[in-house]
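Descriptive structure summary
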Amino acid sequence: MSLRISEHTACRAIEPSLRNIPKGLRCPAQGFLPWVSTATTIPNPEGVAYLRSNSSQVRFPTSQTNMTVAQQPPIELGQTIRNDFPILSVIARGKPLVYLDNAATSQKPLAVIEALDEYWTEANANVHRGVHFLSERATERFETARETVRRFVNAGDTNEIIFTKGCTEGINLVSTGLQRHSAGLSARSTKGNADPNSPLPKINPGDVILVSAMEHHSNLVPWQMLAQQTGAIVKPIPITEVGEIDLEAYAQLLRDNRVKVVAIVHISNSIGTINPVKQILAMAHKAGAITLVDGAQAGPHWLVDVQDLDADFYTLSCHKIYAPTGIGVLYGKRHLLEALPAYQGGGSMVRTVSFQETSYAEIPAKFEPGTPNIAGVVGLGAAIEYLESLSEALPFVRMVRAGEGEGVGDAGSGSRQKLQNTMHAIHQHELLLANRATQLLSEIPGVNLIGTAAEKAGIVSFTINGVHPHDIGSILDGEGIAIRAGHHCCMPLMTRYSIPATARASFALYNTLEEADALAAGVRKVKEMFT
Amino acid sequence: MDLRELYQEVILDHNKRPRNKGKVINANRHAEGYNPLCGDMVALTVKTEGDKVTDIAFDGQGCAISTASASMMTEAVKGKTVEEAEEMFKAFQKMVTSQGVEPECEDQLGEEIMSLAGVREHPVRIKCATLAWHALHAALQGEEKVTTE
Ligand SMILES: Cc1ncc(COP(=O)(O)O)c(C=O)c1O
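Conventions and cut-offs
Residues numbered from 1 in each chain as written. Chains lettered and ligands numbered in written order. Predicted model: local features only at pLDDT ≥ 70, side-chain atom pairs only at ≥ 80, totals over all residues. Heavy atoms only, no water. Helix = DSSP H or I, 4+ residues; strand = E, 2+ residues; numbered from the N terminus. Rg over C-alpha atoms; globule rule 2.2 N^0.38 Å. Buried < 20%, exposed > 50% of the residue type's maximum accessible area, 1.4 Å probe, protein only. Contact = heavy atoms within 4.5 Å. Axes fitted to C-alpha atoms, helices over the stretch in contact; angles between N-to-C directions. Left-handed = near helix turned anticlockwise from the far one by under 90°. Nonpolar A, V, L, I, M, F, W, Y, C, P; charged D, E, K, R; others polar. Domains from an automatic or database assignment. Buried area = accessible area lost by both parts, 1.4 Å probe. Salt bridge = Lys/Arg side-chain N within 4 Å of Asp/Glu carboxyl O. Polar contact = N/O pair within 3.5 Å; in protein donor to acceptor, adjacent residues only side chain to side chain. Pairing = 2+ DSSP bridges. Near = heavy atom within 4 Å. Areas by Shrake-Rupley, 256 points an atom, 1.4 Å probe, with all protein chains shown as cover. Right-handed = clockwise from strand over helix to strand, strands pointing away.

Along the backbone of chain B there are 6 helices and 4 strands. Secondary structure elements of chain B occur, N-terminal to C-terminal, as α-β-β-β-α-α-α-α-α-β. A compact globule built from 149 residues should have a C-alpha radius of gyration of about 15 Å, and chain B, at 14 Å, falls within 12% of that. Overall size of chain B, expressed as C-alpha extent along the three principal axes, is 45 × 30 × 30 Å. Classification of the 149 residues of chain B by burial places 50% in the buried group. Within chain B, counting contacts between residues at least 6 apart in sequence, those at least 24 apart form 60% of the total.

Here you go:
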């Protein structure tokens, strides 16, 4: 089998000044896909193609109908696309930066930086307000990004996408709306009562809100505040020692007929567990509860499909998805968003205003008062388009799990298919690095891995006997390695494991196996210093 | 960057074998210090007789910098007057936040404590170093809980 890159793609990739190249493919002067310039393909009996260029030889698994990703991990992903992320060439403390704090925030590809630049220099104006040229241009870009996000999470309706300032705000928007609904307030105007036929539950004293024991504070504190206002009780769904949801205990908790809300993290930021949310949500719905999924860590690393999950609400933190800070997404099912009282009042969220009564606009405007983070939204659109473009530009990304989706071994035509390819490749790549790091760390005496669930994302949390995580963080920092040390906004989870904190390395698509090795070498250095 | 500057031998030694770790029985002053950023906690128990600090111990959990700093602090203030201890607290604050060498700080604090000066290059770690001193100040002033925020 041979592997082909169209001349068109190759030429777009090596000639950044070409005006019509999609943003995602524009790149720093030299560097992006160095191998494409003189690419020739050499068929090879193992099903592996070699692409030759003047400078390097890169090995790619080729597409095969029955190939599974696990058999042929795209190990070159990090090396190949690193140049798309200019910040990765920073020298930190005199050493090349090894950025392993991706769960805190991700770095931004040039495609996003350029989209922002272009927005500020060519399109800046307020949205939904002006009749002039620039305002129309800004509005068009803003609303195009909303459609791009719809594709990204596979929502059925573009109006189900609400832009917020972050994952945290999305959760607060829902919890506050439920509180107002429970207080009997209208979802349509500043006067009147809640619709008696509302699909949303009223939360009464003694009702139960379930969260898991591994929640980020942002998916716990808003519910505690709701409980405080309504007299409800927040209960944790226990987790097992390895860091998986205890499904039996969960089923038991649901048997209490008072569970009104189940709020659960999709992928744990502290220990990397990928929760079986589809099953968890189905159980919740059967028990009559509404559901919210905190997808902050899933968005960047996992193909999110809100319809397949059947999530009532799903939140994203977009600065973790290679987009700027200050932007988040709340997805909600249309009928639920319509039934939810407004969060903040102001301009843009109204239909008619008088001193007697103000009626609210339709969704999504109802939940987007004031001037939004327009540049952030444009940057988010560019980030998602960048991910989609990877599927096209990187031949080895043309892999989906055997038997999954149409077009196995084919880049597919639709954007959704492209995203599916990219997100699978990203997940497999990150898993490969995390597994390498896990393996190397577990060989070091005195290192304890925290969170060893069967289904994990590229997050490795650990402690070292006798060494506080902050000291691990500082010493690794001296090696140019950025990790996070602390409780990761999950104090109850730390309590669950009887530890004050962990050191956490979190991988992204641009990390490499060498960086996983550097982490392990750094940890050995920490041990040396402290013994 | 060489982290030996921050993690000097004396610091690592105090971290490994902290002095005055535990509780003073019959303490008449105590305070807890928290660093909410990292969850570090130090619980100080102090016994004063007249104007003298006759006994002092610390408990809790923290990084090497905060543990070593607490350990050194307890050694340094034991036997000093309350006023002298407060002066040392001020000198310590000055030492970790100033840019250059402060000879008068060194005179007051001694060489060992000066080994913590490396935190100046690591702004987020300054609070680790000052936590125990803030707790001392609070205990001597009669406050019970302090945070580094
Ligand atoms: C699992 C999880 N939930 C929620 C959040 C909060 O996201 P943000 O700070 O962007 O609102 C984070 C980010 O730290 C997270 O990792």
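Attention now goes to the packing of helix α13 (residues 469–478) of chain A against helix α15 (residues 513–530) of chain A. What describes two packed helices is the angle between their axes and the distance between those same axes. Residues and elements named next belong to chain A. Between α13 and α15, whose axes approach to 9 Å, the crossing angle comes to 115°. Between α13 and α15 lies a crossing whose hand is right-handed. Residues Asp 471, Ile 472, Ile 475 and Leu 476 of α13 form the contact with α15, whose participating residues are Leu 519, Gly 522, Val 523, Val 526, Met 529 and Phe 530. Looking at the contact of α13 with α15, its residues break down into 8 nonpolar, 1 polar and 1 charged.

All right, on to the domain arrangement of chain A then. Residue and element names in this part refer to chain A. Parsing chain A into structural domains produces domain 1 (37–105 + 416–531) and domain 2 (145–379). Using only C-alpha atoms to locate each centre, domain 1 and domain 2 end up separated by 30 Å. Listed per partner, the contact involves 36 residues of domain 1 and 35 residues of domain 2. The contact between domain 1 and domain 2 buries some 2900 Å² in all, and 56% of this surface belongs to carbon and sulfur atoms. At the boundary of domain 1 with domain 2, the tally comes to 2 salt bridges. In this structure, Asp 305 engages Arg 416 in a salt bridge whose closest nitrogen and oxygen atoms are separated by 3.9 Å. For the pair domain 1 and domain 2, the number of links is 25 residue pairs in polar contact (both at pLDDT 80 or more). Mapped by element, the contributors of at least two residues to the side of domain 1 that touches domain 2 are α12 (415–442), β17 (459–464) and α14 (491–496). It is α12 that provides the largest number of residues to the side of domain 1 that touches domain 2, a total of 7 residues. In terms of residue class, the side of domain 1 that touches domain 2 is made up of 22 nonpolar, 8 polar and 6 charged.

All names here are of chain A. Tracing the chain through its elements places Thr 240 in the loop between β9 (233–237) and α7 (247–255). Residue Thr 240 is classed as partly exposed on the basis of its relative accessible area, which comes to 28%. Apart from residues no more than four positions distant in its own chain, Thr 240 is found in contact with Asp 246, Arg 496 and Tyr 497.

A few words now on the sheet that holds strand β19 (residues 484–486) of chain A. Residue and element names in this part refer to chain A. Spatially, β16-β17-β20-β19 is the arrangement adopted by the 4 strands of the open sheet, whose pairing is antiparallel. Each end of this open sheet is capped by a strand with a single partner; those strands are β16 (447–450) and β19. Adjacent strand axes in the sheet meet at a mean angle of 30° when their direction is disregarded. Note: β17 against strand β20 (residues 502–506), 4 bridges, orientation antiparallel. The residue of β20 that forms the bridge with Phe 462 is Ala 503. In this fold α15 packs onto β16, β17 and β20, with an angle of close to 10° to the strand it touches most, β17.

Residues and elements named next belong to chain A. Surrounding the ligand, one finds 13 residues, the nearest of these being Thr 168, Asp 294, Gln 297, Ser 317 and Lys 320. Between the ligand and Cys 167, the relevant distance is 3.3 Å, taken from an oxygen atom to a main-chain nitrogen or oxygen of the residue. Between an oxygen atom of the ligand and a side-chain N or O atom of His 319, the distance comes to 2.9 Å. Considering the ligand on its own, with 390 Å² of exposed area, one finds that the protein chains cover 84% of that surface. Considered class by class, the residues forming the shell around the ligand number 3 nonpolar, 8 polar and 2 charged.

Bringing the side chain of Arg 504 of chain A into the picture now. All names here are of chain A. Following the sequence through the fold, Arg 504 ends up in strand β20. A polar contact is formed between the side chain of Arg 504 and the backbone oxygen of Asn 269, at a distance of 2.9 Å. With residues near it in sequence (within four places) discarded, Arg 504 still touches Leu 100, Asp 101, Ala 103, Ala 104, Asn 269, Ser 270, Ile 459, Val 460, Ser 461, Ile 483, Arg 484 and His 488.

Right, let's get into the sheet that holds strand β10 (residues 259–265) of chain A. Residues and elements named next belong to chain A. Judged by pairing direction, the sheet is mixed, and its 7 strands sit side by side in the order β7-β13-β12-β11-β10-β8-β9 without closing on themselves. A strand with exactly one partner marks an edge of an open sheet, and here the two such strands are β7 (161–164) and β9. Strand-to-strand twist across the sheet, computed as the mean angle between neighbouring axes with direction ignored, equals 20°. As paired elements, strand β11 (residues 290–294) and strand β12 (residues 313–317) share 3 bridges and run parallel to each other. Bridge pairing links Leu 292 to Phe 313 in β12.

Here we come to the pairing of β9 of chain A. Residue and element names in this part refer to chain A. Bridge count between strand β8 (residues 208–212) and β9: 5 bridges; the pairing is parallel. Looking at β9, one finds that Val 211 is bridged to Pro 236. At this point the chain moves from β8, through helix α6 (residues 221–230), to the parallel β9, and the crossover so formed is right-handed.

This part is about the pattern of salt bridges. Side-chain pairs of opposite charge can arise whenever the charged atoms involved come near each other. As enumerated under the stated definition, the model contains 28 salt bridges over all chains in all. When the shortest N-O distance is used, the salt bridge between Arg 504 of chain A and Asp 101 of chain A registers 3.4 Å. Remark: Asp 101 of chain A occurs in the loop between β6 (98–99) and α3 (110–122) and Arg 504 of chain A occurs in strand β20; sequence separation between them is 403 residues. Taken as a pair, Arg 504 of chain A and Asp 101 of chain A share a single burial class, namely buried. Taking the shortest distance from any N to any O, the salt bridge between Glu 241 of chain A and Arg 496 of chain A comes out at 3.2 Å. On the criterion of sequence distance, the pair formed by Glu 241 of chain A in the loop between β9 and α7 and Arg 496 of chain A in helix α14 is long-range, its members being 255 residues apart. Within the structure, one salt-bridge network assembled from shared partners comprises Asp 13, Arg 17, Arg 19 and Glu 75 of chain B.

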